[in-house]
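Reading the structure
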Amino acid sequence: MSRPRGKHVPLLFESGTGVLALTDGTEAYSVPESFGYDGEILYFQFVHTPESKKMAFLETTETATFTVYDEQPAQSVIVRGTLEPVLEDEEAKAATAITENASIPTVNVYPDTKPNEFTTDYYRLTPTAITGRQFNVFTPTPGDQ
């Protein structure tokens, strides 16, 4: 497993959101998601209806990719791995990780759907690779303008 050293992994603790990329083998599907990170595993709490495109793609994705980035300083982390349901006896661990660093939306993701019409499930992304980059930002000097 390749894991970045130093400056990249803290971004997973500091960021509460990223972009999850899934595939059905032909088409790609990316969706912004809040997440929690415990230092080894990324946790998600998916809210979905039976018609959820995300859940349909989740079932056909062998390797998911999750991207976290920040502009100040310009940096990114890409996590690749398997995405699977959290077992019932590990839900407290998932909830703790999510509570500690996820950016939970304050509005219902399905505003026209009643709470009893959607399901909430915990999932975890177990990394097979974590890579990261920090970008050098060009700051012009008076002579460059």
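Because the structure is predicted, anything quoted here is derived from the model rather than measured. (Residues numbered from 1 in each chain as written. Predicted model: local features only at pLDDT ≥ 70, side-chain atom pairs only at ≥ 80, totals over all residues. Heavy atoms only, no water.)

Focus: the overall build of the chain
The helix and strand inventory of the chain stands at three helices and seven strands. The linear arrangement of helices and strands in the chain, starting from the amino end, is α-β-β-β-β-α-β-β-α-β. Among the 145 residues that make up the chain, the fraction classed as buried is 37%. Long-range contacts, defined as pairs at least 24 residues apart, comprise 75% of the intrachain contacts of the chain with a sequence gap of at least 6. If you sum the accessible surface of the chain, you get close to 9,000 Å²; carbon and sulfur atoms cover 50% of it. (Helix = DSSP H or I, 4+ residues; strand = E, 2+ residues; numbered from the N terminus. Buried < 20%, exposed > 50% of the residue type's maximum accessible area, 1.4 Å probe, protein only. Contact = heavy atoms within 4.5 Å. Areas by Shrake-Rupley, 256 points an atom, 1.4 Å probe, with all protein chains shown as cover.)

Details of the pairing of strand S7 (residues 119-134)
Consecutive side chains along a regular strand alternate between the two faces of the sheet. Pairing geometry for strand S4 (residues 42-48) and S7, over seven bridges, is antiparallel. Bridge pairing in S7 places Phe 44 opposite Tyr 123. (Pairing = 2+ DSSP bridges.)

Structural notes on the environment of Tyr 69
Within the secondary structure, Tyr 69 sits in strand S5 (residues 64-71). Classification of Tyr 69 by relative accessible area gives exposed; the value is 51%. For the pair formed by Tyr 69 and Thr 17, sequence separation is 52 residues and the distance between their alpha carbons is 8.8 Å.

Digging into the pattern of salt bridges
One pass over the structure, following the stated rule, counts five salt bridges. Measuring nitrogen to oxygen at the nearest pair gives 3.0 Å for the salt bridge that ties Glu 84 to Arg 124. With a gap of 40 residues between them, Glu 84 in strand S6 (residues 74-85) and Arg 124 in strand S7 connect regions that are remote in the sequence. The class of Glu 84 is partly exposed, set by a relative accessible area of 30%. The closest approach of N and O atoms between Glu 90 and Arg 124, which form a salt bridge, is 2.8 Å. (Salt bridge = Lys/Arg side-chain N within 4 Å of Asp/Glu carboxyl O.)

A short note on the side chain of Thr 61
Checked against the element boundaries, Thr 61 lands in the loop between helix H2 (53-60) and S5. With a relative accessible area of 12%, Thr 61 lands in the buried category. A polar contact of 2.8 Å, which involves the side chain of Thr 61, links it to the backbone oxygen of Thr 23. Apart from residues lying up to four places away in sequence, Thr 61 is in contact with Leu 22 and Thr 23. (Polar contact = N/O pair within 3.5 Å; in protein donor to acceptor, adjacent residues only side chain to side chain.)

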